[in-house]
Amino acid sequence: MQLQLENKVALITGGGSGLGLATAKNFIAEGAKVFIFDFNPNAKATAEEIGAGFYQGDVSKAEDVEAAVAAAVEQYGQLDIAVASAGVGGEGDVVTSTVENWEKTNGIDYSGVFYTNKYAIAQFLEQKTPGVVINLASMFGMVAVSNNIAYSASKGGVVNMTRAAGTMYAKNGVRVNAVAPGVIETPLISEEDLKTYSELHPAGRVGQAQEVADLITYLASDKAAFITGAVIPIDGGYTAV
Ligand SMILES: NC(=O)c1ccc[n+]([C@@H]2O[C@H](COP(=O)([O-])OP(=O)(O)OC[C@H]3O[C@@H](n4cnc5c(N)ncnc54)[C@H](O)[C@@H]3O)[C@@H](O)[C@H]2O)c1
């Protein structure tokens, strides 16, 4: 399938690693110009290696996200696609989670996604062009993980945020969708969790970053023109049973 992202400009938060990086490489292979926004300064070298622009900042700070959108537009002249992939794992249950962990995880995994949607969609509307946002939710936004309250709450929030954002400006050609991956082999996931979760997915394995990047690339393309406000599981059947 030719997904044809030529002449499209994409901002990818968390594009320096894992799912964001796999998506950046896919987009570039389909002809898009990619601008990576990441907290980790080492991601600058990664961006240069793959031919992407780069902005270092913290997605939990609204002003950093607004500046990253402006920097992408300054470098490439427009914005057509945003992928909200910056994220952290969180830790602790409803009692053991510290307030600091709750605030940090929700600041990045929840508010950071809101800021990315807010400033990217405002840019699409200002340009008066269609635009697409893809949010990284999780299977743990569809079902909970009891020992990780902040992650479960933030990903659940991303699921409904996607529905609200994906329908508000649909008539202007703005589409917002989320993917809800199962456990995927990236630097975010410990060796121990990779082993444990392999057996818990009905498919009998964890997923690969390329598989998620391919779904995101499809959603970013015009082939997915009638899909908005959708949350699509890619979890080897985890949430189906
Ligand atoms: N890997 C999985 O199993 C899995 C499953 C479901 C959902 N997800 C979600 O997918 C997204 C990407 O995860 P991944 O597996 O690629 O992780 P990863 O750790 O490989 O990549 C995350 C990237 O986000 C960046 N980042 C972290 N905090 C940031 C901040 N405050 N500001 C800007 N950038 C920041 C990191 O530097 C890193 O480059 C996350 O939202 C994660 O919750 C991952």
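Summarised in this report is the structure supplied together with it. (Residues numbered from 1 in each chain as written. Predicted model: local features only at pLDDT ≥ 70, side-chain atom pairs only at ≥ 80, totals over all residues. Heavy atoms only, no water.)

## Side note on the sheet that holds strand 5 (residues 131-136)
- Judged by pairing direction, the sheet is parallel, and its seven strands sit side by side in the order 3-2-1-4-5-6-9 without closing on themselves. With partners counted over all chains shown, the strands left at the sheet margins are strand 3 (53-56) and strand 9 (231-234), one partner each. Strand after strand, the sheet turns through a mean of 20° between neighbouring axes, direction not considered.
- Sheet topology note: the strand 5/strand 6 (residues 174-181) ladder contains six bridges and is parallel. What sits directly across from Gly131, in strand 6, is Val174.
- Sheet strands touched by helix 5 (residues 149-168): strand 5, strand 6 and strand 9. Its angle to strand 6, the strand with the most contacts, is close to 155°. (Pairing = 2+ DSSP bridges. Helix = DSSP H or I, 4+ residues; strand = E, 2+ residues; numbered from the N terminus. Axes fitted to C-alpha atoms, helices over the stretch in contact; angles between N-to-C directions. Contact = heavy atoms within 4.5 Å.)

## Let's talk about the site of the ligand
- Near the ligand lie 29 residues; those nearest to it are Ser17, Asp38, Tyr151, Ile184 and Thr186.
- Between an oxygen atom of the ligand and a main-chain N or O atom of Leu19, the distance comes to 2.8 Å.
- Within the contact set of the ligand, a nitrogen atom lies 3.2 Å away from a backbone nitrogen or oxygen of Phe39.
- Computed on the free molecule, the ligand has an accessible area of 820 Å², of which 93% lies beneath the protein chains in the complex. (Near = heavy atom within 4 Å. Polar contact = N/O pair within 3.5 Å; in protein donor to acceptor, adjacent residues only side chain to side chain. Areas by Shrake-Rupley, 256 points an atom, 1.4 Å probe, with all protein chains shown as cover.)

## Some remarks on the nonpolar core
- Counting 31 residues, the largest nonpolar core has Phe27 and Ile134 as its most contacted members.
- Those elements giving two or more residues to this core turn out to be strand 1 (9-13), helix 1 (18-29), strand 2 (33-38), helix 2 (43-50), strand 4 (81-84), strand 5 and helix 7 (209-220).
- Per-element tally for this core: the top contributor is helix 7, with seven residues.
- Counting 25 residues, the second-largest nonpolar core is a separate cluster that includes Phe37, Ala72, Tyr119 and Val176. (Core = buried A, V, L, I, M, F, W, Y, C linked by side-chain atoms within 4.5 Å. Buried < 20%, exposed > 50% of the residue type's maximum accessible area, 1.4 Å probe, protein only.)

## Thoughts on the environment of Met142
- By the secondary structure assignment, Met142 is in the loop between strand 5 and helix 5.
- Here the alpha-carbon distance between Met142 and Ile232, two residues 90 residues apart in the chain, equals 10 Å.

In short, the description is geometric, and any link to function would need to be established separately.
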